[in-house]
Amino acid sequence: MTTKESSRRQMMTETPVPQLITRLAVPTIISMLVTAFYNSADTYFVGKISTEATAAVGLVFSVMAIIQALGFFCGHGSGNYLSRMLGAGNKKEANEMASTGFAISIILGCTVVVLGNIFIDKLALWIGATPTTMEDTMAYMRVILIGAPLMMGQFVINNQLRFQGSAVYAMIGLMCGAVINVVLDPLLILVFDMGVTGAGIATVSGQLISFIVLLIGSNKGENIHLHIRNVHINLHYIVEIINGGAPSLFRQGLAAASTLLLNKYAGHYGGDAAIAGMSIVSRVMMAMVSALIGFGQGYQPVCSYNYGAGLKNRVKEGFYFCVKWGTIVLAAFAVLSIIFAPEIVGWFRDDPQVIEVGKVALRCQAAVMPLMATTIICNMMLQSIGKGFKASITSSARNGICFIPMILILPAFFGITGVEITQTVADVLSMLITLPIAWSELKKL
């Protein structure tokens with residue numbers, strides 16, 4: 001073991017848990033907030049064009065969620081495993097997993113580009129495009145699809161760096177891409193009048209810069225270096241990626257499905273204004289919850305590394321630390337969201353119909369937002385210690401097991417109000433599913 005590796009092991013296994021999580025979480029929180037900010041930038045600047053353009057970007061968000069799902073599948077699957085291997089002192093398998101996970105993500109990304117462009121007309125209809133939003137939906141989606149390999153690749157490298165304890169490198173990579181995106185958005189959309197196509201180009205340009213910077217960062221210092229000779233696409237590594245990445249695939253994939261259904265029912269009961277309003281609320285909620293996810297991502301390498309090293313008390317201590325402070329922070333966000341809901345939605349799109357739908361949905365979702373601290377950290381803990389089946393159930397709860405039945409039932413009885421409250425009901429139900437499953441593993445620790 002080299003001096004640098006020994007130093008990293010000492011940091012991960014001996015630093016007081018609250019201090020270590022905080023140190024690793026600060027850059028990941030910044031990364032998540034920055035990512036949420038530049039994801040919202042498209043919605044904000046497109047909102048200056050029209051309600052239909054805002055709705056179109058919201059519709060394509062479900063396609064982006066699918067791309068993200070595949071990226072997180074490879075990133076979390078390979079990252080969890082390599083972190084446990086580093087904790088156990090097996091650097092050879094950690095090296096091979098890093099390169100293999102990255103290679104698989106690029107292959108999947110290229111597949112999405114080809115299939116997405118072949119079936120783009122059908123895909124636009126499938127995600128809920130209406131005659132008034134079809135042109136903008138296809139224009140935005142064409143550009144987003146081109147960036148699929150870059151998006152997936154950057155998710156993989158970002159997560160692998162985090163699981164090695166190199167959260168600062170991950171943060172720098174994402175921030176560079178965010179700056180490019182935020183600068184290009186107003187320039188291409190408003191100055192050069194490129195509309196939603198400009199928004200897509202700005203997003204993909206940011207992803208390209210993030211990809212390059214993260215790739216450079218992965219080859220710095222004691223980080224695992226990606227190399228083609230370490231790519232081994234065999235059954236062993238595929239199974240481990242599935243075990244560690246399936247929960248992320250279910251979580252993100254079902255997020256795409258729930259977004260698709262939400263847009264369809266919002267459009268059916270409230271038209272383009274309802275789609276725009278619900279899309280804005282989804283972006284706002286994502287931005288606030290991203291702080292918690294960043295905090296949890298600071299816990300994940302501590303969890304997986306110490307679990308691999310046999311230090312299970314540190315895994316448990318970190319869990320309770322994150323749940324406590326995550327709940328407190330989300331409660332503060334919830335209060336602000338409930339009070340200023342109309343102003344928050346109106347900031348994105350100053351349309352009375354959009355605001356009317358958005359403010360109700362935002363207040364309802366904010367009311368139960370503190371519960372998400374427990375559900376998200378429980379899921380991250382289960383995933384990080386390699387409990388893939390249990391983690392897959394808990395990750396599927398919010399956007400799948402609970403959301404899908406509710407979006408099919410509630411609007412039928414309550415119309416647009418049913419659409420607005422669906423996520424709120426799903427969040428409460430998912431808490432009831434997740435807590436007992438996580439508790440069964442916490443008792444063993």
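Preceding this section is the structure that the text describes.
This text gives an overview of the structure that appears in the document. On a predicted model such as this, the values are computed, not experimentally measured, just so you know.

### Here's the deal with the overall build of the protein
Here's step 1: Helix and strand counts for the protein come out as 17 helices and zero strands.
Here's step 2: The C-alpha atoms of the protein give 21 Å as radius of gyration, which agrees with the globular expectation for 445 residues (22 Å, within 12%).
Here's step 3: For the C-alpha atoms alone, the extent of the protein along its principal axes is close to 60 × 40 × 35 Å.
Here's step 4: Of all 445 residues assigned to the protein, the portion counted as buried reaches 60%.
Here's step 5: As presented, the protein carries roughly 16700 Å² of accessible surface, and 70% of it is formed by carbon and sulfur atoms.

### Some details on the pattern of salt bridges
Here's step 1: Counted according to the given criterion, the structure contains six salt bridges.
Here's step 2: For lysine 92, the salt bridge is made with glutamate 96, and the minimal N-O distance between the two is 2.8 Å. Of this pair, lysine 92 and glutamate 96 both sit in helix α4 (residues 91-118), separated by four residues, roughly a single helical turn.
Here's step 3: For lysine 92, a relative accessible area of 56% puts it in the exposed group.
Here's step 4: Salt-bridge contacts for glutamate 441 lead to lysine 444; the nearest nitrogen and oxygen are separated by 3.3 Å.
Here's step 5: Exposure remark for glutamate 441: the relative accessible area of 4% places this residue in the buried category.
Here's step 6: On the accessibility criterion, lysine 444 (58% relative accessible area) is exposed.

### Description of the environment of threonine 28
Here's step 1: Looking at the element boundaries, threonine 28 is found in helix α2 (residues 17-46).
Here's step 2: Residue classification places threonine 28 among the buried residues on the basis of a relative accessible area of 2%.
Here's step 3: Each C-alpha atom of the pair threonine 28 and alanine 170 lies 7.6 Å from the other, and the pair is 142 residues apart in sequence.
Here's step 4: A polar contact is formed between the side chain of threonine 28 and the backbone oxygen of alanine 25, at a distance of 2.8 Å.

### Some remarks on the side chain of threonine 51
Here's step 1: Inspection of the secondary structure puts threonine 51 in helix α3 (residues 51-88).
Here's step 2: Side-chain polar atoms of threonine 51 contact the side chain of aspartate 351, separated by 3.0 Å.
Here's step 3: Here threonine 51 is in contact with Asp272, Ala273, Ala276, Arg349, Asp351 and Val354, once residues within four sequence places are set aside.

### Re helix α10 (residues 235-308)
Here's step 1: Under the 1.5 Å per step criterion, the end-to-end length of α10 is only 22 Å for 74 residues, more than 12% shorter than the ideal 110 Å.
Here's step 2: Residue glycine 270 marks the point of greatest curvature in α10, where the axis turns by about 140 degrees.
Here's step 3: The N-capping residue of α10, defined by a side-chain oxygen 3.2 Å from the backbone nitrogen of histidine 236, is asparagine 234.
Here's step 4: Positive backbone phi, approximately 80 degrees, marks glycine 310, located one or two places after α10.

### What to know about the nonpolar core
Here's step 1: Counting residues in each nonpolar core, the largest one holds 124 residues, and the members touching the most others are Met141, Tyr299 and Met381.
Here's step 2: Tallying contributions element by element places α10 first for this core, with 23 residues.
Here's step 3: Not counting chain neighbours up to four residues away, the residues in contact with methionine 381 comprise Tyr299, Cys303, Phe319, Ala438 and Leu442.

### A word on the packing of helix α14 (residues 372-384) against helix α17 (residues 416-442)
Angle between the axes and distance between the axes: these two values describe a pair of packed helices.
Here's step 1: Interhelical geometry of α14 versus α17 gives an angle of 40 degrees and a closest axis separation of 9 Å. When the axis of α14 is compared with that of α17, the two are oblique. α17 is crossed by α14, and the crossing has left-handed handedness. Contacts between α14 and α17 pair Met372, Thr374, Thr375, Cys378, Met381 and Leu382 from the former with Asp427, Ser430, Met431, Thr434, Leu435, Ile437, Ala438, Glu441 and Leu442 from the latter.
Here's step 2: Here the contact of α14 with α17 is composed, by residue class, of nine nonpolar, four polar and two charged.

### Description of the packing of aromatic side chains
Here's step 1: Tallied over the entire structure, the rule returns eight aromatic pairs.
Here's step 2: Considering the side-chain rings of tyrosine 44 and phenylalanine 45, the 5.0 Å spacing of their centres and the 80 degrees angle between planes classify their relative orientation as edge-to-face. There is no split in this pair, since tyrosine 44 and phenylalanine 45 are both buried.
Here's step 3: Pairwise contacts between aromatic rings join Tyr44, Phe45, Trp347 and Phe348 into one cluster.

### Thoughts on the packing of helix α13 (residues 352-367) against α17
Here's step 1: Contact geometry for α13 and α17: axes closest at 8 Å, N-to-C directions at 30 degrees. Comparing their axes, α17 and α13 come out roughly parallel. Every pair of crossing elements has a handedness; the one defined by α13 and α17 is right-handed. Side by side, α13 and α17 meet where Glu356, Val357, Val360, Ala361, Cys364 and Gln365 of the first sit next to Ile416, Glu420, Ile421, Gln423 and Thr424 of the second.

What counts and how
- Residues numbered from 1 in each chain as written.
- Predicted model: local features only at pLDDT ≥ 70, side-chain atom pairs only at ≥ 80, totals over all residues.
- Heavy atoms only, no water.
- Helix = DSSP H or I, 4+ residues; strand = E, 2+ residues; numbered from the N terminus.
- Rg over C-alpha atoms; globule rule 2.2 N^0.38 Å.
- Buried < 20%, exposed > 50% of the residue type's maximum accessible area, 1.4 Å probe, protein only.
- Areas by Shrake-Rupley, 256 points an atom, 1.4 Å probe, with all protein chains shown as cover.
- Salt bridge = Lys/Arg side-chain N within 4 Å of Asp/Glu carboxyl O.
- Polar contact = N/O pair within 3.5 Å; in protein donor to acceptor, adjacent residues only side chain to side chain.
- Contact = heavy atoms within 4.5 Å.
- Expected span 1.5 Å × (residues − 1).
- Bend = angle between axes of the 7 residues up to and from the residue.
- Core = buried A, V, L, I, M, F, W, Y, C linked by side-chain atoms within 4.5 Å.
- Axes fitted to C-alpha atoms, helices over the stretch in contact; angles between N-to-C directions.
- Parallel < 35°, antiparallel > 145°, perpendicular 65-115°, else oblique.
- Left-handed = near helix turned anticlockwise from the far one by under 90°.
- Nonpolar A, V, L, I, M, F, W, Y, C, P; charged D, E, K, R; others polar.
- Phe/Tyr/Trp six-rings, centres within 6.5 Å; stacked < 30°, edge-to-face > 60°.

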